[in-house]
Amino acid sequence: MAVVYKKSFCGLCSDLILPYDDIVYTPSIFCNHNDPLFMYNDMFFHKKCFDSIEKSEEILYYIKNVQNEYQKKECCICKNKIHSSDDFVFIPIISSDKENEAFQYNCKSFHKKCYEKSSIKPYLESICGNSSK
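Fair warning: this is a prediction, and the values are worked out from it, not measured in the lab.

**Thoughts on the overall build of the protein**
A count of helices and strands for the protein gives 4 helices and 4 strands. Reading the helices (α) and strands (β) of the protein from amino to carboxyl end gives β-β-α-α-β-β-α-α. The C-alpha extent of the protein, read off along each of the three principal axes, is 45 × 30 × 20 Å. Across the 133 residues in the protein, those meeting the buried criterion constitute 38%. For the protein, the computed accessible surface area is about 8,400 Å², with 51% contributed by carbon and sulfur atoms. The centroid of the 17 positive side-chain charges in the protein is displaced by 7 Å from the centroid of its 18 negative side-chain charges.

**Brief notes about the nonpolar core**
Within the largest apolar cluster, 23 residues are counted, with the highest numbers of intra-cluster contacts made by Ile 29, Ile 59 and Ile 93. Elements represented by at least two residues in this core include exactly β2 (43-46), α1 (47-51) and α2 (56-72). Per-element tally for this core: the top contributor is α2, with 4 residues. Leaving out residues up to four positions away in the same chain, Ile 93 has contacts with Ile 29, Phe 30, Cys 31, Asn 32, Tyr 62, Val 66, Asn 106 and Cys 107.

**Looking at the confidence of the model for the protein**
Parts of the prediction with low pLDDT should not have their coordinates interpreted in detail. For the protein, the average pLDDT comes to 90, and 92% of its residues sit at 70 or higher. The least confident element of the protein is helix α4 (residues 121-128), whose mean pLDDT is 86; the most confident is α1, at 98.

**Here's the deal with the packing of aromatic side chains**
Counted by the stated rule, this structure contains 10 aromatic pairs. Relative to Phe 45, the ring of Tyr 40 lies with its centre 6.2 Å away and its plane at 55 degrees, an arrangement referred to as tilted. Considering the side-chain rings of Tyr 105 and Tyr 123, the 6.0 Å spacing of their centres and the 65 degrees angle between planes classify their relative orientation as edge-to-face. You can see Tyr 105 sitting in the loop between β3 (89-91) and β4 (108-110) and its partner Tyr 123 sitting in helix α4, a full 18 residues away along the chain. Exposure remark for Tyr 123: the relative accessible area of 26% places this residue in the partly exposed category. Among the aromatic residues, those joined into a ring-pair cluster are Phe 30, Tyr 61 and Tyr 62. Sitting over the face of the ring of Phe 88, Lys 73 holds its NZ or CZ atom 5.1 Å from the ring centroid.

**Remarks on unusual backbone geometry**
Backbone geometry places Ser 14, a non-glycine residue, at a positive phi of 70 degrees. With respect to the element layout, Ser 14 can be found in the segment before β1 (23-26). One non-glycine residue with positive phi stands out, namely Lys 73, at about 50 degrees. Examined against the element boundaries, Lys 73 turns out to sit in the loop between α2 and β3. On the accessibility criterion, Lys 73 (24% relative accessible area) is partly exposed.

The rules behind each value
Residues numbered from 1 in each chain as written. Predicted model: local features only at pLDDT ≥ 70, side-chain atom pairs only at ≥ 80, totals over all residues. Heavy atoms only, no water. Helix = DSSP H or I, 4+ residues; strand = E, 2+ residues; numbered from the N terminus. Buried < 20%, exposed > 50% of the residue type's maximum accessible area, 1.4 Å probe, protein only. Areas by Shrake-Rupley, 256 points an atom, 1.4 Å probe, with all protein chains shown as cover. Lys, Arg positive; Asp, Glu negative; His and termini not counted. Charge placed at Lys NZ, Arg CZ, Asp CG, Glu CD. Core = buried A, V, L, I, M, F, W, Y, C linked by side-chain atoms within 4.5 Å. Contact = heavy atoms within 4.5 Å. pLDDT = per-residue confidence, 0-100. Phe/Tyr/Trp six-rings, centres within 6.5 Å; stacked < 30°, edge-to-face > 60°. Lys NZ or Arg CZ within 6 Å of the ring centre and 35° of its normal.

This is how it looks when you write it as C-alpha cells:
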C-alpha cells in the first residue's frame, strides 16, 4: 500500500492530497520513456482525477497484470521457477501498444543467467535501459 506523505500532490490537478481523500497510486511499472503511459509512473492521484484519464482502466489493468506476473516468478526462457530474489530479473511494461514488437516482452521474468545469455537482453535494454536489472 502506498504511503501518502504530508505533501503529496495529485499528478493531474496538482492539489494537495489530504488524509481523507480517496486516492489512486500508480507504481513505477512503465519502463519505456517513450510509452504514452510512462507519464503516469509512480504518482498519486485523487480518484476522481484518475478516473477522468481516458486510459485509467488500461493503467489499472497493467498494474494488476504486473502484480500477478511478478508473483509467479517463472523464467520465460527455461520455464523453471525462480526461487531467489537474487536470481531474478523482471521486465515490467515496455509498451502499452499491442502493435509494438516490444509488447510481447511485457511482464517477463528471467533467471539472471538466462537473461544475461539471452539474445533479447540487448534489445530490451535499448528500450528501457538497465532498469530491468
